[in-house]
Amino acid sequence: MSRLAAKFEELSQNGRKALIPFITAGDPNPAFTVPMMHAMVKAGADVIELGVPFSDPMADGPVIQRASERALAHKMSLRRTLEIAMEFRRTDTKTPLVLMGYLNPIEAMGYEGFANAAQRADVDGVLTVDLPPEEGEACAAELKARDIDTIFLLAPNSSAERIKKMGEIGSGYLYYVSLKGVTGAGHLNTADVEQKLKEIRANASLPVGIGFGVKDAETARTVAGIGDGVVVGSALISHIEANPDDPERAKSAIIAMLSAMRQAMDN
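Residues numbered from 1 in each chain as written. Predicted model: local features only at pLDDT ≥ 70, side-chain atom pairs only at ≥ 80, totals over all residues. Heavy atoms only, no water.

## What about the packing of aromatic side chains?
A full pass over the atoms with the stated rule returns three aromatic pairs. With a centroid separation of 5.5 Å and 50 degrees between ring planes, the pair formed by Phe 8 and Tyr 173 is classed as tilted. On the criterion of sequence distance, the pair formed by Phe 8 in helix H1 (residues 3-13) and Tyr 173 in the loop between helix H8 (160-169) and strand E7 (174-177) is long-range, its members being 165 residues apart. Overall, the relative accessible area of 7% leaves Phe 8 in the buried class. Ring geometry for Phe 54 against Tyr 102: centres 5.2 Å apart, planes inclined by 20 degrees, an arrangement best described as stacked. With Phe 54 in the loop between strand E2 (48-51) and helix H3 (62-72) and Tyr 102 in the loop between strand E3 (97-101) and helix H5 (103-109), this residue pair connects regions lying 48 residues apart in the sequence. Residue classification places Phe 54 among the buried residues on the basis of a relative accessible area of 14%. For Tyr 102, a relative accessible area of 5% puts it in the buried group. (Phe/Tyr/Trp six-rings, centres within 6.5 Å; stacked < 30°, edge-to-face > 60°. Helix = DSSP H or I, 4+ residues; strand = E, 2+ residues; numbered from the N terminus. Buried < 20%, exposed > 50% of the residue type's maximum accessible area, 1.4 Å probe, protein only.)

## Some remarks on the packing of helix H2 (residues 30-42) against helix H4 (residues 78-89)
Their axes nearest at 10 Å, the elements H2 and H4 cross at an angle of 45 degrees. The angle between the axes of H2 and H4 places the two elements in the oblique class. When you trace H2 past H4, the crossing you get is right-handed. Together, Pro 30, Thr 33, Val 34, Met 37, His 38 and Val 41 of H2 and Arg 80, Ile 84, Glu 87 and Phe 88 of H4 make up the contact between the two elements. Grouping the constituent residues of the contact of H2 with H4 by class yields six nonpolar, two polar and two charged. (Axes fitted to C-alpha atoms, helices over the stretch in contact; angles between N-to-C directions. Parallel < 35°, antiparallel > 145°, perpendicular 65-115°, else oblique. Left-handed = near helix turned anticlockwise from the far one by under 90°. Contact = heavy atoms within 4.5 Å. Nonpolar A, V, L, I, M, F, W, Y, C, P; charged D, E, K, R; others polar.)

## Comments concerning the pattern of salt bridges
Using the criterion set out here, one finds 18 salt bridges in the structure. Across the pair Asp 266 and Arg 16 runs a salt bridge, and its minimum N-O distance is 3.3 Å. Of this pair, Asp 266 sits in helix H12 (residues 247-266) while Arg 16 sits in the loop between H1 and strand E1 (18-24), and the two are 250 residues apart along the sequence. Taking the relative accessible area as the measure of exposure, Asp 266 reaches 39% and is therefore partly exposed. (Salt bridge = Lys/Arg side-chain N within 4 Å of Asp/Glu carboxyl O.)

## Some words on the environment of Phe 114
Tracing the backbone through its elements, the reader meets Phe 114 in helix H6 (residues 111-120). When its relative accessible area of 1% is taken as the criterion, Phe 114 is described as buried. Not counting residues up to four positions away in its chain, the partners in contact with Phe 114 are Leu 78, Leu 99, Ile 106, Met 109, Val 126 and Leu 143.

## Remarks on empty space enclosed by the protein
Within the structure shown, the criterion is met by two cavities of 30 Å³ or more. There is about 90 Å³ of room inside the largest cavity. Residue lining of the largest cavity: 14 residues in total, with Phe 22, Val 52, Asp 60, Met 100 and Tyr 102 positioned closest to the centre. Looking at the lining of the largest cavity, the elements with two or more residues in it are E1, H3 and E3. In terms of residue class, the lining of the largest cavity is built from nine nonpolar, four polar and one charged. Reported here for the second largest cavity is a volume of approximately 70 Å³. As for the second largest cavity, its lining consists of Val 52, Leu 78, Leu 99, Met 100, Gly 101, Tyr 102, Pro 105, Ile 106, Phe 114, Val 126, Leu 127 and Thr 128. Breaking the lining of the second largest cavity down by element, the ones donating at least two residues are E3, H5 and strand E4 (125-128). (1 Å grid on protein atoms, 1.4 Å probe; cavity = no way out; pocket = protein on both sides within 12 Å on 5 of 7 lines; lining within 4 Å. Points joined across faces, edges and corners; volume = space filled by probe spheres on them.)

## A short note on the pairing of strand E8 (residues 208-211)
The two faces of E8 match: Val 208 and Ile 210 on one face and Gly 209 and Gly 211 on the other face are all buried. Bridge count for E7 against E8 is four bridges, and the pairing is parallel. By the bridge assignment for E8, Tyr 176 is matched with Ile 210. In terms of strand pairing, E8 meets strand E9 (residues 229-232) through two bridges, oriented parallel. Within E9, the position partnered with Gly 209 by the bridge is Gly 229. Running through helix H10 (residues 217-224), the crossover from E8 to the neighbouring parallel element E9 is right-handed. (Pairing = 2+ DSSP bridges. Right-handed = clockwise from strand over helix to strand, strands pointing away.)

## Some points on the pairing of E2
Going residue by residue along E2, you find Ile 48 and Leu 50 tucked away on one face and Glu 49 and Gly 51 tucked away on the opposite face as well. Taken together, the three bridges between E1 and E2 define a ladder with parallel strand orientation. Paired with Phe 22 across the two strands is Glu 49, which belongs to E2. Since E1 and E2 lie parallel, the crossover through H2 that links them has a hand, and here it is right-handed. In terms of strand pairing, E2 meets E3 through four bridges, oriented parallel. From the neighbouring strand, Glu 49 faces E3, where its bridge partner is Val 98.

Following this line, the structure appears as structure tokens:
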């Protein structure tokens, strides 16, 4: 059983939901990322999504776009992101770690080469935003051969057929994009999300993490009542952007936000 499957099973048995924070590797600088990852675990994170900086992040809103720009200014890359993952694993062998990014850097490395590198870094899952299930079987097969989960994005307009296909090819969990738009955009309509989750559960057996609209502890609590996991990214990265010269202050603000979300979700 993979770390992701084991984590969701453990949470389910204890009546809890997964808190899944996202940060961009190398933002605001490479030295910040690993200490921030460990701090997020202490604040209650169950799974970490580590963003691979990319120059054209089509699904990301302005906040995460600027995070990628800051990271790329420090020469961050897919290989350096994997090095950060490896460094995190030296002192944390339990927390599931998911790489989230785009296909171009993976294509440049090659599916087999990337899967080998991800295995060496002890990564648990890979979410490639612009890789649809129709084109994802080759990459997923390389990852599966190394016990790495392939995670797909589901949209509000995903058909039952596509949900089934993602549930068959994917593993670990499904990431439901709770609104039409980019990360950090719009207002979460919980009634619509709840209705869509019924359709997803009828067509796929994987746990479902919900993201793209989680802004605070109250939203996290509401989403936790619907799905199996709560994904938060832009709201956390906003604290990094607000404190460009004081990373420790940014870290403290992120810890406070995650701790409040964890408490709200558990209550």
